[in-house]
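Here are the chains, one letter per residue:
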Amino acid sequence: MVTNLLDFDLEGLVAFCEQLGEKRFRATQLFRSIHQRGISDFSLMSDLAKLLREKLAKHAVVHALPVVSMHESADGTIKWLFDVGHGDAVEAVFIPESDRGTLCVSSQAGCAVGCRFCSTGHQGFSRNLSTAEILAQLWYAEHFLRRHLGLDERVISNVVMMGMGEPLQNYDALVPALRVMLDDHGYGLSRRRVTVSTSGVVSMMDRLAADCPVALAVSLHAPCDALRDSLVPLNRKYPLTELLDACLRYLPAAPRDFVTFEYCMLDGVNDSDLHAQELIALIRNHPHKGDKRKGISCKFNLIPFNPFPASGLLRSSTERVMQFAKKLSDAGIVTTVRKTRGDDIDAACGQLAGEVKDRTRVTHRIQLQRQTMPTKATGPTHHE
Ligand code: SAH
Ligand code: SF4
């Protein structure tokens, strides 16, 4: 059987190499060649012994994802569509800023949570991505960008699991991928710069705190259960009190001393002054279990809704968003408004599935692409 080495964190690769009779330091060298140098062809891994390279060629591959398309926005945002087979495709988006480069990564093809304001949710659930498919997005983007920008150093400094899918509903594949992102022999990102965004899978928030605590973003979107039930169906399973309790339990393990709450601003739905007041009360008054303290250490990130026709929802006006932000800020809650990036290429939040909703069309495009491309795009290697 041929194994895809992108499926392993370092410990996994060490175990795999041991089966081939190779020592730990060889696994580390191999890991660095793959993730730090972006090499997929074993014959080009010149620091590995010839015998090992031959063994690897027999038993393993570094298999990235075929790229269906790439779009670059006027603001520098780059979006890739990757083929994950059977007509499914997922997207990753690179967002350059003056002090950082952020990659937004997908965790599933589609999503089972089905939020009303999210086009991935409207698309339905297809399947979980494997660890290799999650990492392939970072592996490809990082090494493509280095070549594209002519840089020899790291380009991606932050990863946010905010692409398609609910990362905590794909936990077993997610955690090894996070470990590779954090590993000094991998991408060497700090825990504060890797963010898992969740719609509130409470049980898995506890496991993440124990297994691999990274920065946490929670998609809140409503100040009360009735409204949140209608926007984020998962709220019926894990209502707000349970979700906020889970945030409190997460914080001691978290690399930052606050939780980021994301709040999608929907015109006339969740954006009134009254909603802001309810939200402030919810956050301030939430009791701590076991002592008398109240309130949750948090920041708010208001996301102007990116509309799509099937949602039947509209974006709040800029004035409304600013007013809502002011209400929260005046109450002492640090609040930012997310800049919408990559709008012109449909790369903004929740627009990611726009292109893939019609599966047949994607399959058709993938076929067209294959017909016009003599070699399959499996990602960059250092020596291309
Ligand atoms: N499933 C996870 C992560 C992916 S969604 C989650 O829900 O947190 C990433 C963020 O994009 C979430 O905060 C989500 O609420 C937001 N989002 C989804 N659709 C959106 C849209 N149409 N406009 C603006 N934000 C959206
Ligand atoms: Fe899934 Fe997140 Fe979209 Fe909700 S917002 S449907 S959880 S991807």
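Preceding block: the structure.
Since we're looking at a predicted model, the values are computed, not measured. Going along each chain's sequence as written, the residues are numbered from 1 onward. Chains carry letters from A onward and ligands carry numbers from 1 onward, assigned in written order. With the structure being a predicted model, the display of local features is reserved for residues of pLDDT at least 70 and the display and counting of side-chain atom pairs for 80 or more, all residues being used for whole-chain, interface and lining totals.

Peer 1: I tried to follow the nonpolar core on my own but got confused; where do I start?
Peer 2: Generally speaking, soluble globular proteins have nonpolar side chains that are buried together. Of all hydrophobic cores here, the largest spans 105 residues; its most connected members are F82, L103, L135, L138, A141, M181 and M265. In DSSP terms, a helix is any run of H or I states spanning at least four residues, a strand is any run of E spanning at least two, and both are numbered starting from the N terminus. Sort the elements by how many residues they give to this core and helix α5 (residues 131-149) lands first, with 9 residues. Domain extents, as shown, originate in an automatic or database domain assignment. Mapped onto the domain boundaries, this core takes at least three residues apiece from domain 1 (3-61) and domain 2 (67-372). Remark: residues whose backbone-derived C-beta atoms lie within 7 Å of one another are considered to be in contact. Beyond its immediate stretch of four places on either side in the chain, M181 contacts L138, V159, G186, Y187, L189 and V194. The term nonpolar core means buried Ala, Val, Leu, Ile, Met, Phe, Trp, Tyr and Cys residues held together as one set by C-beta atoms within 7 Å. For the exposure call, what matters is how many other C-beta atoms sit within 10 Å of a residue's own: 20 or more marks it buried, 12 or fewer exposed, and in between partly exposed, using C-beta atoms placed from the backbone.

Peer 1: What is the right way to look at the sheet that holds strand β14 (residues 334-337) in this model?
Peer 2: Two modes of strand pairing occur in sheets, parallel and antiparallel, and in both the strands are linked by backbone hydrogen bonds. Note: two strands are recorded as paired if DSSP finds a minimum of 2 bridges between them. Strand order in the open sheet formed by 10 strands is β3-β4-β5-β6-β9-β10-β11-β12-β13-β14, and the pairing between neighbours is mixed. Strands with a single pairing partner mark the edges of an open sheet, and in this sheet they are β3 (67-72) and β14. Each strand axis lies, on average, 20° off the axis of its neighbour in the sheet, ignoring direction. Lines fitted to C-alpha atoms define the axes here, with helix axes fitted over just the stretch in contact, and angles between the N-to-C directions of these axes take values from 0 to 180 degrees.

Peer 1: I would appreciate a short explanation of the site of ligand 2 in the present structure.
Peer 2: We call a residue near a molecule or strand if the C-beta atom, set from the backbone, is within 6 Å of it. Taken together, C111, V113, G114, C115, C118, T120, G121, G165, E166, S199 and S219 form the complete shell of residues around ligand 2. Classes in brief: Ala, Val, Leu, Ile, Met, Phe, Trp, Tyr, Cys and Pro nonpolar; Asp, Glu, Lys and Arg charged; the others, Gly included, polar. The residue inventory of the shell around ligand 2, partitioned by class, reads 4 nonpolar, 6 polar and 1 charged.

Peer 1: How do you make sense of helix α1 (residues 10-19) when you look at a structure like this?
Peer 2: An α-helix turns once per 3.6 residues; consequently, residues spaced three or four apart project the same way. Those residues of α1 not exposed but buried are L10, L13 and C17. Seen end-on, α1 carries its buried residues on one side only, within an arc spanning 60°. Pointing more than 90 degrees away from the buried face of α1 are the exposed residues A15 and Q19. Of the residues trailing α1, G21 is marked for its positive phi of about 80°. Directions pointing from the helix axis toward each C-beta atom define the arc.

Peer 1: Explain the pairing of strand β5 (residues 88-97) to me, please; I cannot follow it from the model alone.
Peer 2: Regular strands have side chains that alternate between both faces of the sheet. Burial of β5 is extensive: 8 of the 10 residues sit out of reach of the surface. Direction of pairing for strand β4 (residues 78-85) relative to β5: antiparallel, over a ladder of 7 bridges. Counterpart to K79 in the pairing with β5 is V93. With antiparallel pairing between neighbouring strands as the criterion, β4 and β5 make up a hairpin whose turn holds 2 residues, including H86 at a positive phi of roughly 50°. Judged from the 5 bridges that link them, β5 and strand β6 (residues 100-104) form a sheet pairing that is antiparallel. Residue pairing for β6: I95 is matched across the bridge by T102.

Peer 1: Any chance you could explain the pairing of β14 here in plain terms?
Peer 2: Across 4 bridges, strand β13 (residues 298-304) lies against β14 in parallel orientation. Residue pairing in the sheet places L302 in a bridge with V337 of β14. With helix α11 (residues 318-330) bridging β13 and the parallel β14, this β-α-β connection has right-handed handedness. When the strands point away from the viewer and the path from the first strand over the helix to the second turns clockwise, the crossover is right-handed.

Peer 1: Where do I start with the environment of P233 in this structure?
Peer 2: Residue placement: P233 occurs in the loop between α8 (225-231) and α9 (240-250). Overall, the presence of 16 C-beta atoms within 10 Å leaves P233 in the partly exposed class. Setting aside residues up to four positions removed in sequence, P233 forms contacts with V113 and G114.

Peer 1: Is there a simple way to think about the packing of helix α10 (residues 273-285) against α11 in this case?
Peer 2: Relative placement of two packed helices is described by the angle separating their axes and the distance separating the axes. Contact geometry for α10 and α11: axes closest at 9 Å, N-to-C directions at 30°. By the angle between their axes, α10 is roughly parallel relative to α11. For the crossing formed where α10 meets α11, the hand is right-handed. Facing D273, A276 and I280 of α10, the residues of α11 in contact are F324, K327 and L328. Any angle that is under 35 degrees is reported as roughly parallel, and any over 145 degrees as roughly antiparallel; angles of 65 to 115 degrees are reported as roughly perpendicular and all others as oblique. We call a crossing left-handed when the near helix sits turned anticlockwise from the far one by less than a right angle, and right-handed when that turn is clockwise.

Peer 1: Where do I start with the packing of α1 against helix α2 (residues 24-35) in this structure?
Peer 2: Here α1 crosses α2 at 125°, and the two axes come no closer than 9 Å. By the angle class used here, α1 and α2 are oblique. By crossing handedness, the relation of α1 to α2 is classed as right-handed. Here α1 contributes L10, L13, V14 and C17 to the contact with α2, which in turn contributes R24, R26, A27, T28, L30 and F31. Its residues assigned to classes, the contact of α1 with α2 shows 7 nonpolar, 1 polar and 2 charged.

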